[in-house]
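# Observations on chain architecture
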Amino acid sequence: MKTAMSTTRIKEEFTISREQDVVPFRNKVKDAAVKIGMGMLNQTKLITAASELVRNLLKYGGGGTVCIEQVNNGREDGIRLIFSDKGPGIPDVALALKDGYSTGKSLGLGLPGSKRLVNEFDIRSTVGVGTTVTIIKWKNG
């Protein structure tokens, strides 16, 4: 059974179109995490996952948007990040989530590593349309 989730106070959307957009975005993620009282370890996990996903957005999706939201599941607060691009899409999402798989010249740890760092991870991709990745890191999770 899924718990009803509500979006609360923080909701910001950013356009990511170049490398220079990454640091201000990461700072906003940190600010949002601090605002809900997230501890340093969970902040680090969230910012690390966000950094990897925003770089994928630039590298593979040609840029896109990221929405930062504060959410609440009835028990605790969290931060939800939604990364959306209109890039080429991922032909095989299951394969892309395996350690070591990469279509670029990387170690292939980005998507699976990001998934391990957060509490909730969802990826939807359509070839020729784009990709949306949604992650949630709970304050105490």
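Preceding block: the structure.
Everything numeric in this text was worked out from a predicted model, so none of it was measured. (Residues numbered from 1 in each chain as written. Predicted model: local features only at pLDDT ≥ 70, side-chain atom pairs only at ≥ 80, totals over all residues. Heavy atoms only, no water.)

Moving on, we get to the pattern of salt bridges. Overall, the coordinates contain six salt bridges when judged by the stated rule. Note that R80 is salt-bridged to E69, the shortest N-O span being 2.6 Å. Of this pair, R80 sits in strand β3 (residues 77-85) while E69 sits in strand β2 (residues 64-72), and the two are eleven residues apart along the sequence. As far as the burial class goes, R80 and E69 line up, both buried. A salt bridge links R124 to D122; its shortest N-O distance comes to 2.8 Å. What makes D122 partly exposed here is its relative accessible area of 30%. (Salt bridge = Lys/Arg side-chain N within 4 Å of Asp/Glu carboxyl O. Helix = DSSP H or I, 4+ residues; strand = E, 2+ residues; numbered from the N terminus. Buried < 20%, exposed > 50% of the residue type's maximum accessible area, 1.4 Å probe, protein only.)

Quick look at the nonpolar core now. With 29 residues, the main nonpolar core has F25, L81, F83 and I135 as its most contacted residues. Those elements that place two or more of their residues in this core are β1 (6-16), α1 (22-35), α2 (40-61), β2, β3, β4 (120-126) and β5 (130-138). In terms of residue count, the dominant contributor to this core is α2 (eight residues). Excluding residues that lie within four positions of it along the chain, F83 makes contacts with F25, A50, L53, V54, L57, T65, V66, T131, T132, V133 and I135. (Core = buried A, V, L, I, M, F, W, Y, C linked by side-chain atoms within 4.5 Å. Contact = heavy atoms within 4.5 Å.)

Once that is clear, we can look at the pairing of β2. In terms of residue burial, β2 counts as a mostly covered element, since seven of its nine residues are buried. With antiparallel pairing between neighbouring strands as the criterion, β2 and β3 make up a hairpin whose turn holds four residues, including G74 at a positive phi of roughly 95°. (Pairing = 2+ DSSP bridges.)

Here the structure, examined in full by the defined rule, presents two aromatic pairs. Relative to F25, the ring of F14 has its centre 6.1 Å away and its plane inclined at 75°; by these criteria the two rings are edge-to-face. Of this pair, F14 sits in strand β1 while F25 is found in helix α1, placing the two residues eleven residues apart along the sequence. Comparing F14 with F25 shows no difference in burial state: the two are buried. Here F25 and F83 contribute two aromatic rings whose centre-to-centre distance is 6.0 Å and whose plane-to-plane angle is 80°, an arrangement assigned as edge-to-face. In this pair, F25 is assigned in helix α1 and F83 in strand β3, connecting sequence segments 58 residues apart. Residue F25 shares its accessibility class with F83, and that shared class is buried. Grouping aromatic residues by their ring pairs yields a cluster made of F14, F25 and F83. (Phe/Tyr/Trp six-rings, centres within 6.5 Å; stacked < 30°, edge-to-face > 60°.)

Where β4 and β5 come together, seven bridges link them in antiparallel fashion. Along β5, the bridge assignment pairs S125 with T131.

With that settled, consider the environment of G64. Inspection of the secondary structure assignment puts G64 in strand β2. The exposure class of G64 is buried, given its relative accessible area of 17%. Discounting chain neighbours no more than four positions away, the residues touching G64 are F14, T15, I16, L57, S84 and D85.

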